Amino acid sequence: MEKDHLPATVSKMWMFKFISATTTRALFILVSLVGIWRVAWVKHDATYWLLAVLFLPLLLEMVVTLKSRNGRDYKCIIPSIWILELHHQQEKAINPQCKNLDSWQNLLNVISPNETLGNLTAQGYLSSLNQVFKTICPNAWILALHQSALLLVIVGRWLLPLGGGVTRDELSQLLLIFVGTAADILEFTSETMSDVKDNSQHLVYIILAVWTLSMLQFPLHVAVGNSKADTDGEEAPSEVSLLAKHSADIWSIVGALFIQDGPFLVVRLTVMTYFQIFHQMLVFFTIKNFLVVTLNLYRLVVISMDSRSRAGRGSAIPSV
């Protein structure tokens, strides 16, 4: 009976992994398609639909991971956000009449058309829907894509099967860190982009490059490392190198210094000094990034000194 029950359990687990992996990637493709549709819409050029060709590597990766790695891990970038941000900065001076989704009243005005939908034909319904899309401000579309991409990174990582020796406890820690990281990235792009002036197009490229760099930390999983290495290292501290013993902490520090808070600090200092933009929120977040960078450097020094002191105590023990 137990032998008959085991294949059924394995089959259910494989089916669950298959559904989780395909659902996660389908959601990413859906958000990416919305972004491509928006690019083709604002550019009035259907050739931008060729960006969908970039989904082919994602589909190939899905087949490979489902076959050899049970659906673990994913990597996805939405290039349409670059195009939309650049287009928005170029067309910002036109400033057409639009509605930001910053209040319940504006949201109700957008989703409630003036005509009665029941009396419309299919062509009329599409025309009414087209009018609704035109009333939404471009920055609201861009912000929605940013938010959707970050939320899908968190939810998608939660849905995907465990892999790479990651336990459920480590996954929960990773997801909590991802939530804070996503909030910092969203705050950086929204706040800094709002400071861009009409004659600062190159600043947009810098912000988008830093945003792309910061998004790389999600697939790299640098926030939470292998806790088993730390446990094994405690048994024989004199035989384990600093990098192997504190790999999780060191990778977390490297990520903060070179992928997120370090680049964020450089961009914000550049905005204040070179572009002469100054306001309270910019100063606050600059100080916050500076504190995070300083604390991570301090943490690195503490780890190094602690490792040296332990190595010194180990070498001072006389051999019998």
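Residues numbered from 1 in each chain as written. Predicted model: local features only at pLDDT ≥ 70, side-chain atom pairs only at ≥ 80, totals over all residues. Heavy atoms only, no water.

Description of helix α12 (residues 247–258)
In step 1: Its 12 residues give α12 an end-to-end C-alpha distance of 16 Å, which sits within 8% of 16 Å, the value for a rise of 1.5 Å per residue.
In step 2: If you check which residues of α12 are buried, you get Ser247, Ala248, Ile250, Ile253, Gly255, Ala256 and Leu257. (Helix = DSSP H or I, 4+ residues; strand = E, 2+ residues; numbered from the N terminus. Expected span 1.5 Å × (residues − 1). Buried < 20%, exposed > 50% of the residue type's maximum accessible area, 1.4 Å probe, protein only.)

Focus on the side chain of Asp195
In step 1: By secondary structure assignment, the location of Asp195 is in the loop between α7 (168–194) and α8 (201–215).
In step 2: Here Asp195 is buried and forms no salt bridge, its nearest opposite-charge partner Arg268 lying at an N-O distance of 7.0 Å.
In step 3: Not counting the four nearest positions on each side in its chain, Asp195 is found in contact with Ile277, His279 and Leu282. (Lys, Arg positive; Asp, Glu negative; His and termini not counted. Salt bridge = Lys/Arg side-chain N within 4 Å of Asp/Glu carboxyl O. Contact = heavy atoms within 4.5 Å.)

What about the confidence of the model for the protein?
In step 1: Across the protein, the average pLDDT comes to 77, with 69% of residues at 70 or higher.
In step 2: Helix α10 (residues 227–235) is the least confidently modelled element of the protein, averaging 46 in pLDDT, while helix α13 (residues 261–273) averages 95, the highest of any element.
In step 3: Across residues 225–238 the pLDDT falls below 50, and counting only partners more than four positions away or on other chains, this stretch makes 14 contacts in the model. (pLDDT = per-residue confidence, 0-100.)

Concerning a nonpolar patch on the surface
In step 1: On the surface, a nonpolar cluster with roughly 380 Å² of combined accessible area is contributed by Trp14, Met15, Phe18 and Ile19.
In step 2: Tracing the backbone shows Phe18 in helix α1 (residues 2–43).
In step 3: Under the relative-accessibility criterion, Phe18 is labelled partly exposed at 32%. (Patch = residues over 30% accessible without salt bridge, like charges linked within 9 Å, V, L, I, M, F, W, Y side chains within 5 Å. Areas by Shrake-Rupley, 256 points an atom, 1.4 Å probe, with all protein chains shown as cover.)

A few points about the nonpolar core
In step 1: Of all hydrophobic cores here, the largest spans 37 residues; its most connected members are Ile185, Ile207, Met215 and Phe218.
In step 2: Contributions of two or more residues to this core are made by α1, α3 (80–91), α6 (138–159), α7, α8 and α13.
In step 3: Excluding anything up to four places from it in sequence, Met215 contacts Leu150, Val153 and Ile185. (Core = buried A, V, L, I, M, F, W, Y, C linked by side-chain atoms within 4.5 Å.)

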